[in-house]
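# Structural description and commentary
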Amino acid sequence: MRIILRLIAVLAVAAIGFAVFLGVYGGKDTVTYQEEVAIVLGGGVLCNNDDGRPNEVLRRRLDKTIEYHKQNPTAKIIVTGGDEKSDCGSEAIIMQKYLIEHNISEDIILVEDRATSTTENFRYAREIMQEQNLAYAVAITSRSHIFRAVQNAQRMGLSVQTLHATEPWYSLPFAYGYEVPRTLLFLASPPRAVEVE
């Protein structure tokens, strides 16, 4: 029994240590505000009577995107996220609507509405970037998600700068409780890398 308890304690300490690493890594923004495109990762929507809106996590990512746009207004914005299996439509469309409501021109917003994972977010965003002749990108997502986002982007042939959005204090246990095992699983079994042309 003592061995099991010690093992649990070691695993708990390791998980907390890795969560701290994710938080520190995610807080070190590398954004230059000279990027050609901002890739905004989805974070969940709320659907009520056919009216979709970003949840608090996604709203903060979008608000950070609006801040970014004010400093680099010529950059394109790729909103990412497929159908949430709701009557409200895809996450990306809801994100686009939010940005337009906050005075960002529809002309600079590019919609990636097929992805159902972070890996696919970057795979399809890369296709859009190639079509638009865009190369220099910043990824905007929550602090806990930055590390895994960067790893996914690299596997999909993209080198991205980063800009993190804060997370609600009440969501931190869930956010890091999700990201720690999810990131470890990704590192243990990463998706097939895309060859850079």
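Residues numbered from 1 in each chain as written. Predicted model: local features only at pLDDT ≥ 70, side-chain atom pairs only at ≥ 80, totals over all residues. Heavy atoms only, no water.

### Some remarks on the overall build of the protein
Condition: By the criteria applied, helices consist of DSSP H or I runs no shorter than four residues and strands consist of E runs no shorter than two, each listed in order from the N terminus. Taken over C-alpha atoms, the radius of gyration is set against a globule rule of 2.2 Å times the number of residues to the power 0.38. Per-residue accessibility, obtained with a 1.4 Å probe over protein chains only, is compared with the maximum for each type, and a residue is labelled buried under 20%, exposed over 50%, and partly exposed between these values. By definition, residues are in contact when any of their heavy atoms lie within 4.5 Å. Per-residue and other accessible areas were derived by the Shrake-Rupley procedure at a 1.4 Å probe size, with only the shown protein chains allowed to occlude residues. The positive count covers Lys and Arg only, the negative count covers Asp and Glu only, and His and the chain ends enter neither. One atom stands in for each charge, and that atom is NZ of Lys, CZ of Arg, CG of Asp or CD of Glu.
Per the secondary structure count, the protein includes 6 helices and 7 strands. The linear arrangement of helices and strands in the protein, starting from the amino end, is α-β-β-β-α-β-α-β-α-β-α-β-α. Compactness check: the protein gives a C-alpha radius of gyration of 17 Å against a globular reference of 16 Å for 197 residues, within 12% of the reference. Referenced to the eigenvectors of the C-alpha coordinate spread, the extents of the protein come out at roughly 60 × 45 × 30 Å. Evaluated residue by residue, the protein yields a buried proportion of 48% over its 197 residues. Once local pairs closer than 6 in sequence are excluded, the contacts in the protein between residues at least 24 apart make up 73%. Taken as a whole, the protein presents about 10,700 Å² of accessible surface, with 54% of it coming from carbon and sulfur. On the protein, the mean spot of the 20 positive side-chain charges and the mean spot of the 24 negative ones are 11 Å from each other.

### Topic: the sheet that holds strand 6 (residues 137–142)
Whenever strands of a sheet pair, they do so through backbone hydrogen bonds, lying parallel or antiparallel. Basically, it comes down to this: Only strands that DSSP links by at least two bridges are regarded as paired with each other. Axes here refer to lines fitted to C-alpha atoms; in helices the fit is confined to the stretch in contact. Angles between the N-to-C directions go from 0 to 180 degrees.
An order of 5-4-1-6-7 is seen for the 5 strands of this open sheet, with the pairing classed as parallel. The open sheet terminates on both sides in strands that have one partner only, identified here as strand 5 (109–112) and strand 7 (160–165). Taken over all neighbouring pairs, the strand axes of this sheet differ in orientation by 25 degrees on average, direction set aside. Summarising the sheet, strand 1 (residues 37–40) and strand 6 pair through 4 bridges and their orientation is parallel. Following the sheet pairing, Val 37 is matched in strand 6 by Ala 137. This element, helix 4 (residues 118–131), spans strand 1, strand 4 (76–80), strand 5, strand 6 and strand 7 of the sheet and lies at about 135 degrees to strand 5.

### Here's the deal with the environment of Ser 159
Topologically, Ser 159 is positioned in the loop between helix 5 (146–155) and strand 7. Expressed as a C-alpha distance, the spacing of Ser 159 and Ala 135, which sit 24 residues apart in the sequence, is 8.8 Å.

### Examining the nonpolar core
Spelled out, the test is: The criterion is simple. A nonpolar core is a set of buried Ala, Val, Leu, Ile, Met, Phe, Trp, Tyr and Cys residues joined through side-chain atoms within 4.5 Å.
Membership of the largest hydrophobic core comes to 19 residues, with the highest contact counts inside it found for Ile 39, Ile 78, Phe 122, Met 129, Leu 158 and Val 160. Looking at this core, the elements with two or more residues in it are strand 1, helix 4, strand 6 and helix 5. When residues no more than four places from it in sequence are discounted, the contact partners of Met 129 are Val 37, Ile 39, Ile 78, Leu 134, Ala 135, Ala 137 and Leu 158. Core analysis: the next-biggest nonpolar cluster, separate from the first, contains 16 residues, Val 45, Ile 66, Ile 77 and Val 79 among them.

### Focus: the side chain of Thr 119
Heads up, the rule is: In protein, a polar contact requires one atom able to donate a hydrogen and another able to accept it; more generally it is a pair of N or O atoms within 3.5 Å, and residues adjacent in sequence count only if both atoms are side-chain atoms.
By the secondary structure assignment, Thr 119 is in helix 4. Its relative accessible area of 13% is what places Thr 119 among the buried residues. Separated by 2.4 Å, the side chains of Thr 119 and Asn 152 make a polar contact. If we ignore the near neighbours within four places in the chain, the residues touching Thr 119 are Asn 152, Met 156 and Pro 191.

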